[in-house]
Amino acid sequence: ETPYILILILLSFALHNTGWSSLGFRKPKSWIKTIAIGLIAGVGLQLFSSYITEPFFAKLTGAEADTAQFNVLKGNTKFLLKYLVLAWTLAAFGEEIVFRGFFVNKFAALLGSTNKALRAGVILSSVLFGIGHYYKGPAGMIDSTLSGLVFGSVYILSGRNLWVSIFAHGFTDTYGVLYFYLGY
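Here is a short report on the structure shown in this document. (Residues numbered from 1 in each chain as written. Predicted model: local features only at pLDDT ≥ 70, side-chain atom pairs only at ≥ 80, totals over all residues. Heavy atoms only, no water.)

### Notes on the pattern of salt bridges
The cut-off we apply is this: The working definition used for a salt bridge is a side-chain nitrogen of Lys or Arg within 4 Å of a carboxyl oxygen of Asp or Glu. Helix numbering and strand numbering both begin at the N terminus, where a helix is a DSSP run of H or I of at least 4 residues and a strand a DSSP run of E of at least 2. Only protein chains enter the accessibility calculation, which uses a 1.4 Å probe. A residue is then buried if its area is under 20% of the maximum for its type, exposed if over 50%, and partly exposed in between.
Using the criterion set out here, one finds one salt bridge in the structure. Linking Arg100 and Glu96 is a salt bridge whose minimum nitrogen-to-oxygen distance equals 2.7 Å. With Arg100 and Glu96 both in helix α3 (residues 77-110) and four residues apart, the pair spans about one turn of that helix. Assessed through its relative accessible area of 0%, Glu96 is described here as buried.

What follows is the structure, encoded as structure tokens:
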């Protein structure tokens, strides 16, 4: 769904005379700090997810998240490189543009542009993000919603600078791809 929503975002830019900066694309004060925060948030989220929330949601729903599509990664360098490119383009950049940069701000605007509306925007966009991961089953959708809450919180706490959530998402997915590649 991400490529289609990106097309709608481009149309929205044309209709409302806005651009990428309206989503949070601006130069951070420090790239090193931005990348470091993204790395800490992303790897921290993945560790928390792997050892706490995924087992909890699996027990809650009676089934683990469906990750069968990633089994092709085990020891396969060709697929590792392919999945890393996809993780950083469609997932980190694409999904963060759509779910944090666009949906959080649109929901907040619809709800009154207050701090409370902004928090509601994070929650609503995170639920949509979770639903977008339906292929992972109920446990995976719930866990993806939680990931969306983390990415949305990082986005808001960084002053709506999209780069922090892009790096957090990219590092989370890189960790996951490497996890499957190494056969875990």
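### Regarding helix α2 (residues 31-61)
Keep this limit in mind: Bend, in this description, refers to the angle at a residue between axes fitted to the seven residues ending there and the seven starting there.
Of all the bends found along α2, the most pronounced is centred on Ser49 and spans about 50 degrees. Taken together, the buried positions of α2 are Thr34, Gly38, Ala41, Gly42, Leu45, Gln46, Ser49, Ser50, Thr53, Phe57 and Ala58. Just beyond α2, the residue with positive phi is Gly62, at close to 85 degrees.

### Let's talk about unusual backbone geometry
Positive phi outside glycine occurs at Asn17, with the angle close to 55 degrees. Following the sequence through the fold, Asn17 ends up in the loop between α1 (2-16) and α2. Located in the positive-phi region is Arg160, a residue other than glycine, with phi close to 65 degrees.

### A closer look at the nonpolar core
The cut-off we apply is this: Residues grouped as a nonpolar core are buried Ala, Val, Leu, Ile, Met, Phe, Trp, Tyr and Cys residues, joined through side-chain atoms within 4.5 Å. Throughout, a contact is declared for two residues whenever any of their heavy atoms are within 4.5 Å.
Formed by 28 residues in total, the largest nonpolar core has its most connected members in Ile9, Leu23, Phe103 and Leu162. In terms of residue count, the dominant contributor to this core is α3 (nine residues). Those residues within four positions of Leu162 in sequence are excluded, and the remaining contacts are Leu23, Gly24, Phe25, Glu96, Ile97, Arg100, Gly101 and Tyr155. Residues Phe70, Leu73, Leu84 and Tyr181 belong to the second largest nonpolar core, which totals eight residues.

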